[in-house]
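# Commentary on secondary and tertiary structure
The chain contents come next:
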Amino acid sequence: MKLIFATSNKGKMREAGEILGPSFELLTSAEVGITEDIPETGSSFRENALQKAMYIWDRFHVDCMADDSGLEVDALGGAPGIYSARYASLGLEGAEAEKVNHDFSKNIDKLLYELTIKELEAMMAGSPAPERTARFRCAVALVLDGEPHFFDGTIEGKIAYERSGNGGFGYDPVFIPDAYPDMSLAEVAEEDKNRISHRGEALRKMARFLKES
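So, here's what we can say about the structure. Every value quoted in this text rests on a predicted model; they were computed, and no experiment measured them.

### Points about the packing of helix H1 (residues 10-20) against helix H6 (residues 198-212)
Between H1 and H6, whose axes approach to 10 Å, the crossing angle comes to 45 degrees. Between H1 and H6, the angle is such that the two are oblique. Between H1 and H6 lies a crossing whose hand is right-handed. For the pair H1 and H6, the contacting residues are Lys12, Glu15, Ala16, Ile19 and Leu20 in the first and Arg199, Gly200, Leu203, Arg204, Met206 and Ala207 in the second.

### Concerning the side chain of Asn48
Relative to the elements of secondary structure, Asn48 occurs in helix H2 (residues 45-60). Discounting residues that sit within four places of it in the chain, Asn48 has contacts with Glu40, Thr41, Gly42, Asp68 and Ile82.

### Things to note about the sheet that holds strand S1 (residues 2-5)
The strand order across the open sheet formed by six strands is S2-S1-S3-S4-S5-S6, and the pairing between neighbours is mixed. Of all strands in the sheet, those with a lone pairing partner are strand S2 (25-28) and strand S6 (175-177), marking the two edges. Taken pair by pair, the neighbouring strands of this sheet meet at an average axis angle of 35 degrees, ignoring direction. Where strand S3 (residues 64-73) and strand S4 (residues 133-144) come together, 10 bridges link them in antiparallel fashion. Paired with Gly70 across the bridge in S4 is Arg137. The strands touched by H2 within the sheet are S1, S3, S4 and strand S5 (147-159), with S3 carrying the most contacts at an inclination of about 155 degrees. In the packing of H6 onto the sheet, the strands contacted are S1, S3, S4 and S5, and the crossing angle to S5 comes to about 150 degrees.

### Here we look at H2
Helix length check: H2, at 16 residues, gives a terminal C-alpha distance of 23 Å against a target of 22 Å (1.5 Å per residue), a fit within 8%. For H2, the complete set of buried residues consists of Phe45, Asn48, Ala49, Lys52, Ala53, Ile56 and Trp57. On the buried face of H2, the contacting elements are S1, S3 and S4. Residue His61 follows H2 closely and has a positive phi angle near 55 degrees.

### Some points on the pairing of S5
Looking at chain direction, S4 and S5 are connected through 12 bridges and run antiparallel. Paired with Val143 across the two strands is Pro148, which belongs to S5. Taken together, S4 and the strand that follows it, S5, pair antiparallel across an intervening segment of two residues, in which Asp145 is found at a positive phi of about 50 degrees.

Rules of the game
- Within every chain, residues take consecutive numbers counted from 1 along the sequence as written.
- Predicted model: local features are reported for residues with pLDDT of at least 70 only, side-chain atom pairs are reported and counted for 80 or more only, and whole-chain, interface and lining totals are derived from all residues.
- Hydrogens are left out, water is left out, and the side-chain values use all remaining heavy atoms of the structure.
- The angle between two axes is taken between their N-to-C directions and runs from 0 to 180 degrees, where each axis is a line fitted to C-alpha atoms and a helix contributes only its stretch in contact.
- Per the convention used, a helix needs a DSSP run of H or I reaching at least four residues, while a strand needs a run of E reaching at least two, with both numbered from the N terminus.
- Small angles under 35 degrees read as roughly parallel and large ones over 145 as roughly antiparallel, with 65 to 115 read as roughly perpendicular and the rest as oblique.
- Left-handed is the label given to a crossing in which the near helix is rotated counterclockwise from the far helix by less than a right angle, and right-handed is the label when the rotation is clockwise.
- Only heavy atoms matter for contacts: two residues are in contact if any of them lie within 4.5 Å across the pair.
- When DSSP finds two or more bridges between two strands, those strands count as paired.
- Here the expected span of a helix is defined as 1.5 Å times the quantity of residues minus one.
- Burial classification: accessible surface area is computed with a 1.4 Å probe over protein chains only, and a residue below 20% of its type maximum counts as buried, one above 50% as exposed, and the rest as partly exposed.

All quantities given are derived from atomic positions and should not be read as evidence of function.
Now the structure itself:
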């Protein structure tokens, strides 16, 4: 089955291809001629995923999919959430914002800094340090014949104090999954990561839906 995947993220494409297997032929949005940034102005992962998928559908009227995913940290009230990819640019404007937009090294720096501030505030108040519990969430929107279908996935874990590992992408170097409590997601083998990841869960749900349909 051929699907256009509304992404330019090579890491996502690689993961999706490995998870879905040879029964699916995935094309990036760039491969079908979309080079501009696809809007993501929704207030939830599902809304953003649907917005991106419908952007492809409205233009080509072909089966397509999109995902939106992000990190939720409990001590930060669920942030960065839907702003995960542009966390470091929040509050900045113009060229300054563009410079750090989608820069995950800067995103991680900001995340670790804000958790440190939370811990210092707790210490000064004589309170226990906040838990570093967190989760990745993923919403996949599949559009078939113009009709949307949604599939969700979650992986629980906690935020490390420093980076470790060279695999994965995004916040993986500072996310310690509950399933592998002694390593970051960037240190987990690709096959194992696909088995436990939020995106893997959502994509397997989608694949089951398509096969059953």
